[in-house]
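# Chains, contacts and geometry: an overview
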Amino acid sequence: MRIIPAIDIIEGKCVRLSKGDYDTKIIYNENPLEVAKSFEAHGIEYLHLVDLDGAKSSKIVNYKILEQIASQTSLKIDFGGGLKSDDDLRVAFESGANQITGGSIAVKNRTIFEKWISEYGSDKIILGADAKDEKIAVSGWLEESNEDLIPFIQDYQTKGIQYVICTDIAKDGMLQGPSFELYSKILAEAKGIKLIASGGISTFDELPQLAELGCEGTIIGKAIYEGRITLKQLEDFIIRK
């Protein structure tokens, strides 16, 4: 299972929110590049970079930070937040993203998202399936849709999607543990999906459990920044694999 730390960006700073609420913003570091380099120094190869300004404004905003991290580390970056147009996608890949995550766009403009899958390939495009009570949420989680989570994922599997990041919004940033039951259900019903667990990771012991469930990766945010999981523990977990 891949270990994927998260850096969420608002106004160029590394922040975390709780349940996607912008009013709960905590700034953890003024320098995202410094944070990314500390991950790399501990043997971490992947990074989940989220442009929260972009998610709110519906267009890519913090691409310069993506460019900085991509050019000054060897981290493989998946980038999301506000990617709504072909131009946004071009900027993200030109700025050094290895993969992009599309969430709201996959609900609100299926035509363009399906075009991205066929143009760039399913190894480059990740489906962001963020859910509240098993309904897909969009626009930086400010809106709920009528889409049911698992049929939504299954439908995109027929369009070629392989990778899915699923965040249970109720768990995000709460440090109360991930949605094991929800992930089991997704893996049982959306056969063959490469599921990346996100939201609620609070202790190191949860990581082997997610690996055992069959998650392809896990995104860890606040637990790192609050010192619940150390980078040394993550380094040892990666080495043991």
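- Listed in UniProt under the heading Pathway (unreviewed entry), the comment for the protein chain reads: "Amino-acid biosynthesis; L-histidine biosynthesis; L-histidine from 5-phospho-alpha-D-ribose 1-diphosphate: step 4/9."

## Brief notes about the side chain of Asp88
- Among the secondary structure elements, Asp88 is positioned in helix α4 (residues 86-94).
- An unpaired buried charge is present at Asp88: no salt bridge exists, and Lys84, the closest side chain of opposite charge, is 7.0 Å distant.
- One polar contact links the side chain of Asp88 to the main-chain amide nitrogen of Ile60, over a distance of 3.4 Å.
- Of the polar contacts made by the side chain of Asp88, one reaches the backbone nitrogen of Lys84; its length is 2.9 Å.

## As for the UniProt feature "active site" (unreviewed entry) in the protein chain
- As recorded in UniProt, the feature "active site" (unreviewed entry) lies at Asp8 and Asp130.
- On the basis of relative accessible area, Asp8 is assigned to the buried category, the value being 10%.
- Along the polypeptide, Asp130 turns up in strand β7 (residues 125-132).
- Given a relative accessible area of 17%, Asp130 falls into the buried group.

## As for the pairing of strand β4 (residues 46-51)
- Counting buried residues along β4, five of its six residues qualify, which places the element largely inside the surrounding structure.
- Sheet analysis places strand β1 (residues 2-10) next to β4, joined by four bridges and oriented parallel. Within β4, the position partnered with Asp8 by the bridge is Val50.

## Concerning the environment of Leu207
- Within the secondary structure, Leu207 is located in helix α9 (residues 206-213).
- With a relative accessible area of 0%, Leu207 lands in the buried category.
- Once you skip the residues sitting within four places of it in the chain, Leu207 turns out to touch Met1, Ile3, Ile201, Thr218, Ile220, Leu234 and Phe237.

## Side note on the packing of aromatic side chains
- What the rule picks out here adds up to six aromatic pairs.
- Seen in terms of ring centroids, Tyr28 and Tyr225 are 5.2 Å apart; in terms of plane orientation they differ by 25 degrees. Their pairing is stacked. With Tyr28 in strand β3 (residues 21-29) and Tyr225 in helix α10 (residues 222-225), this pair connects stretches of sequence that are 197 residues apart.
- According to the relative accessible area criterion, Tyr28 is partly exposed, its value standing at 23%.
- On the basis of an interplanar angle of 25 degrees and a centroid distance of 4.9 Å, the ring pair of Phe93 and Tyr120 is categorised as stacked. Here Phe93 is found in helix α4, whereas its partner Tyr120 is found in helix α6 (residues 110-120), with 27 residues between them in sequence.
- Tyr120 sits in the partly exposed class, given a relative accessible area of 32%.
- Here the guanidinium or amino end of Lys56 rests over the ring plane of Tyr22, the centre of that ring lying 4.3 Å away.

## Here's the deal with the side chain of Thr218
- Position of Thr218 relative to the elements: it lies in strand β12 (residues 217-220).
- Polar contacts involving the side chain of Thr218 include one to the main-chain carbonyl oxygen of Ala197, which spans 3.4 Å.
- Excluding its chain neighbours within four sequence positions, the residues that come into contact with Thr218 are Met1, Arg2, Ile3, Ile4, Ile196, Ala197, Ile201, Leu207 and Leu210.

Reading guide: rules and limits
Note that residues are indexed from 1 along each chain, following the sequence as it is written. Given that this is a predicted model, residues contribute local features only at a pLDDT of at least 70 and side-chain atom pairs are listed and counted only at 80 or more, while totals for whole chains, interfaces and linings are drawn from all residues. Remark: hydrogens and water are excluded; side-chain values derive from all non-hydrogen atoms of the structure. UniProt positions are given in the numbering used here, feature names are shortened, and annotations may be inferred rather than shown by experiment. Each helix is a run of DSSP H or I of at least 4 residues and each strand a run of E of at least 2, with the numbering of both proceeding from the N terminus. When a residue's accessible area, from a 1.4 Å probe over protein chains only, is under 20% of the maximum for its type it is buried; when over 50% it is exposed; and in between it is partly exposed. None of His or the chain ends enter the tally, which takes Lys and Arg as positive and Asp and Glu as negative. Any carboxyl oxygen of Asp or Glu that lies within 4 Å of a side-chain nitrogen of Lys or Arg is treated as forming a salt bridge with it. We call two N or O atoms a polar contact when they sit within 3.5 Å, provided that within protein one can donate a hydrogen and the other can accept it, with sequence-adjacent residues counted only if both atoms are side-chain atoms. Two strands pair if DSSP finds at least two bridges between them. Only heavy atoms enter the contact rule, under which two residues are in contact if any of them lie within 4.5 Å. Here is the rule: rings of Phe, Tyr and Trp (six-membered ring for Trp) pair when centre to centre is within 6.5 Å. Planes less than 30 degrees apart are stacked, more than 60 are edge-to-face, and the remainder are tilted. Throughout this description, the term charge over a ring refers to an Arg CZ or Lys NZ atom that lies within 6 Å of the ring centre and within 35 degrees of the ring normal.

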